[in-house]
Amino acid sequence: MVEAVLIDLFSLPANLQNNIQGLLHNTLEAIEKCSSIHAPCVYVMCCQRQGSERKGEQEFLLPALRGFQSLKRRLEVIRAPTTAAALYTIKQRLDEKDLSIIKVILPTLRKDLMKVYIDHLFTAVYQFEFEDLHMVSDCENLQISDPQHEGQTLPSQDVALIRSEIQMYLESLPSLKGELTILRSSLIPDDIFLHGFTTRAGGISYIPTLSSCNLFSSSKRRDPQVVVKENLRRLANAAGFNPEAFHRVKIDHANAVCIMGKTEPDNYDGIVTNQKGVTLAAPGADCIPVLFADPVRKACGAAHSGWKGTLLGVSMATVNAMVSEYGCNVKDILVVLGPSVGPCCYKLPHESAKEFHRINPKCVRLFDSASPYIDIRRATRILLERGGILPENIQDDSITDQNQNITFCTACHPDKFYSHFRDGTNFGTQIGFISIKD
């Protein structure tokens, strides 16, 4: 069943402009007739032209909006100077109400254009169906079916203009939840390396569990790639790296490592380089973002270490790649563990806990319970030390001076960090990043 209807009056063809009130009235009448029990939310999207008065536009549309009592509280007119601004505002309304099934009623000539906007501003969480504005007349038009799109593909220059419009609009949005904050380790020398761990402040993502500097998009979440890209641009500006030379791991929860400059694996949880100006990153929203730096051979790396990757030794796999590829001495490599779920909060089923108990019994608390508490940080340190990393070259939450601690528990600090464990499926993601300075 359709949950929301978007009526696009933003840029009507000349032959329809004179009949806008009649078109809108007929469309709303059809929606009300077919939705007497479960009235969908209705958003009328129109252009807020420069210098035009909001009141004047509202009075112009008012005659067509009168009389629709069942839709009255669920009908909103959205005015904006650009399609990107209007559609992003409507997306915010949909997300506030957790709506995902949307019918778009629009002039035929706008269909191809609208699809490009939607492809950029929405993810696969949402379902869209399109209907011609002048053809809405009966109840069948309000039933969800497989979307049919018969238009021609837009010319590449038109797509580029849409992308530019979206980017300009997103860049104009204010940062949420305060200033962008980057945590840095005193262990990694800042005269050679640029590095940091992000928090959740300073981006534009607005959904509560993703707000505000979310740095990962997927088909299961409501934050589109364009928003993540804008968050990354703001991070790059604040940190001082080039977002066009940014490479994050392709998570597989295993131990494969990508060597920059060589054939890229399909999936990998570690990445290393000795190229200057290339920023490597590992995400984390409970899993550990781990950074590696060798100030002697001037090489660096990043790894994503969840409980599976920890057991598979992804951190030592990243160290070994630096040793074999760049001639690093294991005793020169510095390792920093970023914000991640702590042993205070993280539980695993008993069978999985056994694997951590084998590494060291201190990695497990309440071992005899059905879901013991697990310390994936301690397990990571133990495996690194066994591999030859010096204890003093590892920074985690065991640091003596807690004022220098950056390995906070993500689940315990909802104001600072995202947490899959705490927030559920639609969670945000922070990252650890590192590069060799030019």
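A quick note: this is a predicted structure, and the numbers were derived from the prediction, not measured.

A. How the structure looks around the nonpolar core. Leu87, Tyr88, Val104 and Leu170 are the most contacted members of the largest nonpolar core, which has 42 residues in total. Sorting elements by how many residues they give to this core places helix α4 (residues 83–96) first, with seven residues. Grouped together as the second largest cluster of nonpolar side chains are 37 residues, Met316, Ala321, Leu384 and Ala411 included.

B. Seen up close, the domain arrangement of the chain. Considered domain by domain, the chain is made up of domain 1 (4–135 + 161–171) and domain 2 (176–436). Placing the centre of domain 1 and that of domain 2 at their C-alpha centroids yields a distance of 41 Å. Every contact between the two is made by 18 residues of domain 1 and, on the other side, 16 residues of domain 2. Between domain 1 and domain 2, the buried area comes to about 1,300 Å², and carbon and sulfur atoms account for 55% of it. Contact with domain 2 buries surface across domain 1, with Thr123, Leu170 and Glu171 losing the most and accounting together for 36% of the total.

C. Broad picture of the sheet that holds strand β6 (residues 182–183). Spatially, β6-β7-β18-β11-β8 is the arrangement adopted by the five strands of the open sheet, whose pairing is mixed. Looking at strand neighbours, the two that pair on one side only are β6 and β8 (246–248), the edges of this open sheet. Sheet topology places strand β11 (residues 279–284) next to strand β18 (residues 430–436); five bridges connect them, and they run antiparallel. Considered in β18, the bridge of Ala282 is made with Gly432.

Conventions and cut-offs
Residues numbered from 1 in each chain as written. Predicted model: local features only at pLDDT ≥ 70, side-chain atom pairs only at ≥ 80, totals over all residues. Heavy atoms only, no water. Core = buried A, V, L, I, M, F, W, Y, C linked by side-chain atoms within 4.5 Å. Buried < 20%, exposed > 50% of the residue type's maximum accessible area, 1.4 Å probe, protein only. Helix = DSSP H or I, 4+ residues; strand = E, 2+ residues; numbered from the N terminus. Domains from an automatic or database assignment. Contact = heavy atoms within 4.5 Å. Buried area = accessible area lost by both parts, 1.4 Å probe. Pairing = 2+ DSSP bridges.

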